[in-house]
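Here is what each chain is made of, one letter per residue.
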Amino acid sequence: MTLNVFNDLEFESVVREFDTPDVEGWEFFTESHGVKIYRLYNETSGLYEYKVYGTLDDCPPDVCSEVYLDLEYRKKWDSYVSELYEREANGMKVIYWDVAYPFPMSHRDYVYKREYKELEHNGQKVYAVMAKSVECSEIPEKSGVIRVDDYKQSCVLTTDGKVGSKAFMRYYDNPKGMIPTWLINWGAKTGVPSFLTMMQKACRTYPEYKAKRMAATS
(Lines give C-alpha, C1' and ligand atoms only; values in the text may rest on other atoms or scores of the structure.)
Protein backbone atom coordinates (compact mmCIF):
# COMPACT_ATOMS: atom_id res chain seq x y z
CA MET A 1 0.00 0.00 0.00
CA THR A 2 1.36 3.42 -0.95
CA LEU A 3 0.32 6.24 1.35
CA ASN A 4 1.61 9.62 0.21
CA VAL A 5 2.17 12.19 2.92
CA PHE A 6 3.51 14.93 0.62
CA ASN A 7 1.68 16.57 -2.28
CA ASP A 8 3.01 18.00 -5.55
CA LEU A 9 2.89 21.58 -4.26
CA GLU A 10 5.24 20.69 -1.39
CA PHE A 11 7.74 19.17 -3.82
CA GLU A 12 7.49 22.19 -6.13
CA SER A 13 8.05 24.54 -3.19
CA VAL A 14 11.40 23.01 -2.24
CA VAL A 15 12.54 22.85 -5.88
CA ARG A 16 11.89 26.61 -6.26
CA GLU A 17 14.53 27.27 -3.58
CA PHE A 18 17.19 26.88 -6.29
CA ASP A 19 15.85 29.91 -8.20
CA THR A 20 14.86 32.24 -5.40
CA PRO A 21 15.86 31.15 -1.90
CA ASP A 22 12.91 31.93 0.36
CA VAL A 23 14.63 33.23 3.49
CA GLU A 24 12.35 36.13 4.38
CA GLY A 25 11.90 36.01 8.15
CA TRP A 26 14.79 33.56 8.49
CA GLU A 27 17.98 34.49 10.34
CA PHE A 28 21.35 33.98 8.65
CA PHE A 29 23.14 31.50 10.92
CA THR A 30 26.53 30.58 9.49
CA GLU A 31 28.55 29.91 6.36
CA SER A 32 31.27 27.28 6.10
CA HIS A 33 32.98 25.52 3.17
CA GLY A 34 30.52 27.03 0.69
CA VAL A 35 27.50 26.01 2.78
CA LYS A 36 25.07 28.72 3.92
CA ILE A 37 22.68 27.98 6.77
CA TYR A 38 19.60 29.97 7.78
CA ARG A 39 17.37 29.28 10.76
CA LEU A 40 13.82 30.03 11.94
CA TYR A 41 12.83 29.99 15.59
CA ASN A 42 10.01 27.64 16.59
CA GLU A 43 8.23 29.25 19.52
CA THR A 44 6.45 26.06 20.51
CA SER A 45 9.60 23.97 21.04
CA GLY A 46 12.18 26.73 21.56
CA LEU A 47 14.29 25.11 18.82
CA TYR A 48 15.17 26.14 15.27
CA GLU A 49 14.27 24.91 11.82
CA TYR A 50 17.12 25.15 9.30
CA LYS A 51 17.57 25.79 5.59
CA VAL A 52 20.87 24.80 4.00
CA TYR A 53 22.25 25.85 0.61
CA GLY A 54 25.48 24.31 -0.65
CA THR A 55 27.38 22.48 -3.37
CA LEU A 56 29.12 19.14 -3.70
CA ASP A 57 31.82 20.01 -6.21
CA ASP A 58 32.72 16.67 -7.77
CA CYS A 59 29.58 14.60 -7.19
CA PRO A 60 26.89 14.54 -9.91
CA PRO A 61 23.30 14.79 -8.62
CA ASP A 62 22.19 11.34 -9.83
CA VAL A 63 24.97 9.74 -7.75
CA CYS A 64 24.29 12.03 -4.77
CA SER A 65 20.61 11.13 -4.76
CA GLU A 66 21.38 7.42 -4.96
CA VAL A 67 23.80 7.70 -2.04
CA TYR A 68 21.26 9.68 -0.03
CA LEU A 69 18.57 7.04 -0.62
CA ASP A 70 20.72 3.91 -0.16
CA LEU A 71 20.14 2.87 3.46
CA GLU A 72 22.54 -0.08 3.37
CA TYR A 73 25.36 2.10 2.09
CA ARG A 74 24.66 4.76 4.71
CA LYS A 75 25.50 2.24 7.40
CA LYS A 76 28.99 2.11 5.87
CA TRP A 77 29.76 5.84 5.75
CA ASP A 78 27.67 7.44 8.52
CA SER A 79 29.26 6.62 11.86
CA TYR A 80 26.22 7.90 13.79
CA VAL A 81 23.93 5.19 12.42
CA SER A 82 23.27 2.52 15.01
CA GLU A 83 20.38 0.83 13.18
CA LEU A 84 18.66 1.69 9.90
CA TYR A 85 16.13 -0.20 7.77
CA GLU A 86 12.93 0.11 5.77
CA ARG A 87 9.89 -2.11 6.43
CA GLU A 88 6.13 -2.38 6.09
CA ALA A 89 4.35 -1.26 9.24
CA ASN A 90 0.84 -0.03 9.96
CA GLY A 91 -0.05 -0.48 6.29
CA MET A 92 2.76 1.67 4.88
CA LYS A 93 6.47 1.61 4.13
CA VAL A 94 8.44 3.38 6.85
CA ILE A 95 12.09 3.82 7.76
CA TYR A 96 13.43 3.10 11.23
CA TRP A 97 16.59 5.01 12.17
CA ASP A 98 18.49 4.72 15.46
CA VAL A 99 21.07 7.49 15.88
CA ALA A 100 24.01 7.16 18.25
CA TYR A 101 24.28 10.52 20.02
CA PRO A 102 27.66 11.38 21.59
CA PHE A 103 28.27 9.99 25.10
CA PRO A 104 26.73 10.49 27.65
CA MET A 105 23.51 11.27 25.77
CA SER A 106 20.95 8.57 24.99
CA HIS A 107 20.38 7.29 21.49
CA ARG A 108 17.49 8.82 19.54
CA ASP A 109 15.33 6.87 17.15
CA TYR A 110 13.01 7.90 14.35
CA VAL A 111 10.17 6.28 12.44
CA TYR A 112 9.49 8.24 9.29
CA LYS A 113 7.93 8.16 5.85
CA ARG A 114 10.13 9.10 2.91
CA GLU A 115 9.09 10.03 -0.63
CA TYR A 116 11.29 10.55 -3.69
CA LYS A 117 10.60 12.26 -7.01
CA GLU A 118 12.60 13.07 -10.10
CA LEU A 119 11.36 16.35 -11.58
CA GLU A 120 12.20 18.68 -14.45
CA HIS A 121 12.98 22.29 -13.56
CA ASN A 122 14.34 24.93 -15.94
CA GLY A 123 15.35 22.18 -18.34
CA GLN A 124 17.37 20.33 -15.68
CA LYS A 125 16.59 17.12 -13.83
CA VAL A 126 16.01 17.62 -10.10
CA TYR A 127 16.12 14.86 -7.49
CA ALA A 128 13.87 15.57 -4.49
CA VAL A 129 13.47 13.63 -1.24
CA MET A 130 11.03 14.56 1.51
CA ALA A 131 10.61 12.88 4.88
CA LYS A 132 8.73 13.33 8.13
CA SER A 133 8.02 11.37 11.27
CA VAL A 134 4.88 9.25 11.51
CA GLU A 135 3.15 7.40 14.32
CA CYS A 136 3.71 3.68 14.05
CA SER A 137 2.39 1.33 16.74
CA GLU A 138 4.06 -1.68 15.10
CA ILE A 139 7.51 -0.24 15.89
CA PRO A 140 7.29 0.46 19.62
CA GLU A 141 9.72 2.62 21.56
CA LYS A 142 12.78 0.89 23.05
CA SER A 143 14.03 1.20 26.60
CA GLY A 144 16.91 3.67 26.91
CA VAL A 145 16.24 5.20 23.48
CA ILE A 146 14.34 8.48 23.07
CA ARG A 147 11.79 8.47 20.24
CA VAL A 148 11.89 11.63 18.10
CA ASP A 149 8.32 12.16 16.93
CA ASP A 150 8.66 15.69 15.54
CA TYR A 151 11.01 15.43 12.57
CA LYS A 152 10.91 16.65 8.98
CA GLN A 153 13.54 16.93 6.30
CA SER A 154 13.77 17.64 2.58
CA CYS A 155 16.76 17.35 0.29
CA VAL A 156 16.86 18.57 -3.31
CA LEU A 157 19.75 18.05 -5.74
CA THR A 158 20.46 19.31 -9.25
CA THR A 159 23.50 19.93 -11.42
CA ASP A 160 25.80 22.84 -10.61
CA GLY A 161 26.40 23.27 -14.35
CA LYS A 162 29.78 21.53 -14.12
CA VAL A 163 30.45 18.06 -12.71
CA GLY A 164 28.96 18.57 -9.25
CA SER A 165 25.66 19.19 -7.50
CA LYS A 166 23.76 22.10 -6.03
CA ALA A 167 22.01 21.02 -2.85
CA PHE A 168 19.19 22.45 -0.76
CA MET A 169 18.14 20.94 2.56
CA ARG A 170 15.48 21.95 5.03
CA TYR A 171 15.17 20.18 8.34
CA TYR A 172 13.77 20.30 11.83
CA ASP A 173 13.69 17.85 14.67
CA ASN A 174 13.02 17.96 18.37
CA PRO A 175 15.46 15.55 20.04
CA LYS A 176 13.73 15.97 23.42
CA GLY A 177 15.57 15.25 26.64
CA MET A 178 17.78 17.67 28.56
CA ILE A 179 20.14 18.79 25.80
CA PRO A 180 21.48 22.33 26.31
CA THR A 181 20.49 24.83 23.61
CA TRP A 182 24.15 25.75 23.00
CA LEU A 183 24.90 22.10 22.20
CA ILE A 184 22.00 21.86 19.73
CA ASN A 185 23.19 25.08 18.04
CA TRP A 186 26.75 23.79 17.90
CA GLY A 187 25.50 20.56 16.36
CA ALA A 188 23.60 22.46 13.67
CA LYS A 189 26.54 24.74 12.90
CA THR A 190 29.10 21.95 12.57
CA GLY A 191 26.96 18.91 11.84
CA VAL A 192 25.47 19.96 8.50
CA PRO A 193 28.76 20.91 6.77
CA SER A 194 30.27 17.77 8.28
CA PHE A 195 27.40 15.65 6.94
CA LEU A 196 27.80 17.11 3.44
CA THR A 197 31.56 16.45 3.56
CA MET A 198 30.93 12.82 4.60
CA MET A 199 28.33 12.44 1.87
CA GLN A 200 30.73 13.86 -0.72
CA LYS A 201 33.34 11.27 0.25
CA ALA A 202 30.66 8.57 0.14
CA CYS A 203 29.69 9.63 -3.39
CA ARG A 204 33.29 9.22 -4.58
CA THR A 205 33.48 5.61 -3.37
CA TYR A 206 29.90 4.63 -4.26
CA PRO A 207 30.62 3.16 -7.74
CA GLU A 208 33.20 0.84 -6.18
CA TYR A 209 30.77 -0.14 -3.40
CA LYS A 210 28.00 -0.88 -5.93
CA ALA A 211 30.35 -2.98 -8.07
CA LYS A 212 31.38 -5.06 -5.06
CA ARG A 213 27.75 -5.50 -3.96
CA MET A 214 26.72 -6.64 -7.43
CA ALA A 215 29.64 -9.07 -7.60
CA ALA A 216 28.69 -10.51 -4.21
CA THR A 217 25.09 -11.12 -5.25
CA SER A 218 25.73 -12.42 -8.77
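Remember, it's a predicted structure, so these values are computed and weren't measured experimentally. (Residues numbered from 1 in each chain as written. Predicted model: local features only at pLDDT ≥ 70, side-chain atom pairs only at ≥ 80, totals over all residues. Heavy atoms only, no water.)

Engineer: Quick question: what am I supposed to make of the overall build of the protein chain here?
Structural biologist: Counting secondary structure elements, the protein chain contains four helices and 10 strands. Across the protein chain, helices and strands are ordered from the amino to the carboxyl terminus as α-β-β-β-α-α-β-β-β-β-β-β-β-α. Its C-alpha radius of gyration of 17 Å places the protein chain within 12% of the 17 Å reference for a compact globule of 218 residues. C-alpha extents for the protein chain along the principal axes are approximately 50 × 45 × 35 Å. (Helix = DSSP H or I, 4+ residues; strand = E, 2+ residues; numbered from the N terminus. Rg over C-alpha atoms; globule rule 2.2 N^0.38 Å.)

Engineer: What should I look at first to understand the environment of Lys93 in this one?
Structural biologist: Structurally, the position occupied by Lys93 is in strand 5 (residues 92-99). On the accessibility criterion, Lys93 (45% relative accessible area) is partly exposed. A sequence separation of 89 residues divides Lys93 from Trp182, and the C-alpha atoms of the two residues are 35 Å apart. Among all residues touching Lys93, those that are not within four sequence positions of it are Glu86, Arg87, Glu88 and Lys113. (Buried < 20%, exposed > 50% of the residue type's maximum accessible area, 1.4 Å probe, protein only. Contact = heavy atoms within 4.5 Å.)

Engineer: Looking at this model, I keep getting lost on the side chain of Asp70. Mind explaining?
Structural biologist: Its place among the elements puts Asp70 in the loop between helix 2 (61-69) and helix 3 (71-77). For Asp70, a relative accessible area of 10% translates into the label buried. Engagement of the side chain of Asp70 in a polar contact is seen with the backbone nitrogen of Glu72, the distance being 3.2 Å. When near neighbours in sequence (up to four residues on either side) are disregarded, Asp70 contacts Tyr206, Tyr209 and Arg213. (Polar contact = N/O pair within 3.5 Å; in protein donor to acceptor, adjacent residues only side chain to side chain.)

Engineer: Honestly, the packing of helix 2 against helix 4 (residues 181-217) in this entry has me stumped. Any pointers?
Structural biologist: Helix packing geometry: the angle between the two helix axes and the distance between the axes. Interaxial distance between helix 2 and helix 4 falls to 9 Å at its minimum, and their mutual angle equals 95 degrees. Judged on the interaxial angle alone, helix 4 and helix 2 are roughly perpendicular. Residues Val63, Cys64, Glu66, Val67 and Tyr68 of helix 2 touch helix 4, and the partners they reach there are Phe195, Met199, Ala202, Cys203, Tyr206 and Lys210. (Axes fitted to C-alpha atoms, helices over the stretch in contact; angles between N-to-C directions. Parallel < 35°, antiparallel > 145°, perpendicular 65-115°, else oblique.)

Engineer: Help me out: how do you make sense of the pairing of strand 4 (residues 81-89) in this one?
Structural biologist: In the sheet, strand 4 pairs with strand 5 via eight bridges, with the strands oriented antiparallel. Along strand 5, the bridge assignment pairs Glu88 with Lys93. (Pairing = 2+ DSSP bridges.)

Engineer: What's the story with the UniProt feature "domain: START" (unreviewed entry) in the protein chain in this structure? I'm lost.
Structural biologist: Annotation from UniProt places "domain: START" (unreviewed entry) at residues 24-208. Secondary structure content for residues 24-208 is 24% helix and 48% strand, and the end C-alpha separation is 42 Å. (UniProt positions renumbered as here; feature names shortened; annotations may be inferred.)

Engineer: Please clarify how the nonpolar core should be interpreted in this entry.
Structural biologist: A general feature of soluble globular proteins is that nonpolar side chains tend to end up buried together. Of all hydrophobic cores here, the largest spans 31 residues; its most connected members are Val52, Val67, Leu196 and Met199. Counting only elements with at least two residues in this core, the list comes to strand 2 (35-42), strand 3 (47-56), helix 2, helix 3, strand 7 (124-133), strand 9 (151-159), strand 10 (165-173) and helix 4. When residues in this core are grouped by element, the largest group, nine residues, is from helix 4. Once residues lying within four places of it in the same chain are set aside, the contact partners of Val52 are Val35, Lys36, Ile37, Ala167, Phe168, Met169, Tyr171, Val192 and Leu196. (Core = buried A, V, L, I, M, F, W, Y, C linked by side-chain atoms within 4.5 Å.)

Engineer: For this particular structure, what's the right way to read the side chain of Glu49?
Structural biologist: Relative to the assigned elements, Glu49 resides in strand 3. Side chain to side chain, Glu49 and Arg170 meet in a polar contact 2.6 Å long. When sequence neighbours within four positions are dropped, the list of residues in contact with Glu49 reads Trp26, Tyr38, Arg39, Leu40, Lys152, Arg170, Tyr171 and Tyr172.

Engineer: Explain the state of the cysteines to me, please; I cannot follow it from the model alone.
Structural biologist: Covalent bonding between the sulfur atoms of two cysteines defines a disulfide. Applying the stated criterion across every chain, the model contains zero disulfides. Free cysteine Cys64: the closest other cysteine sulfur is in Cys203, separated by 3.6 Å. Judged by its relative accessible area of 0%, Cys64 is buried. Not engaged in a disulfide, the cysteine Cys155 finds its nearest cysteine sulfur in Cys64; these two sulfurs lie 8.2 Å apart. Taking the relative accessible area as the measure of exposure, Cys155 reaches 2% and is therefore buried. (Disulfide = S-S within 2.5 Å.)

Engineer: Please clarify how the environment of Tyr38 should be interpreted in this entry.
Structural biologist: On the secondary structure map, Tyr38 appears in strand 2. Expressed as a C-alpha distance, the spacing of Tyr38 and Trp182, which sit 144 residues apart in the sequence, is 16 Å.

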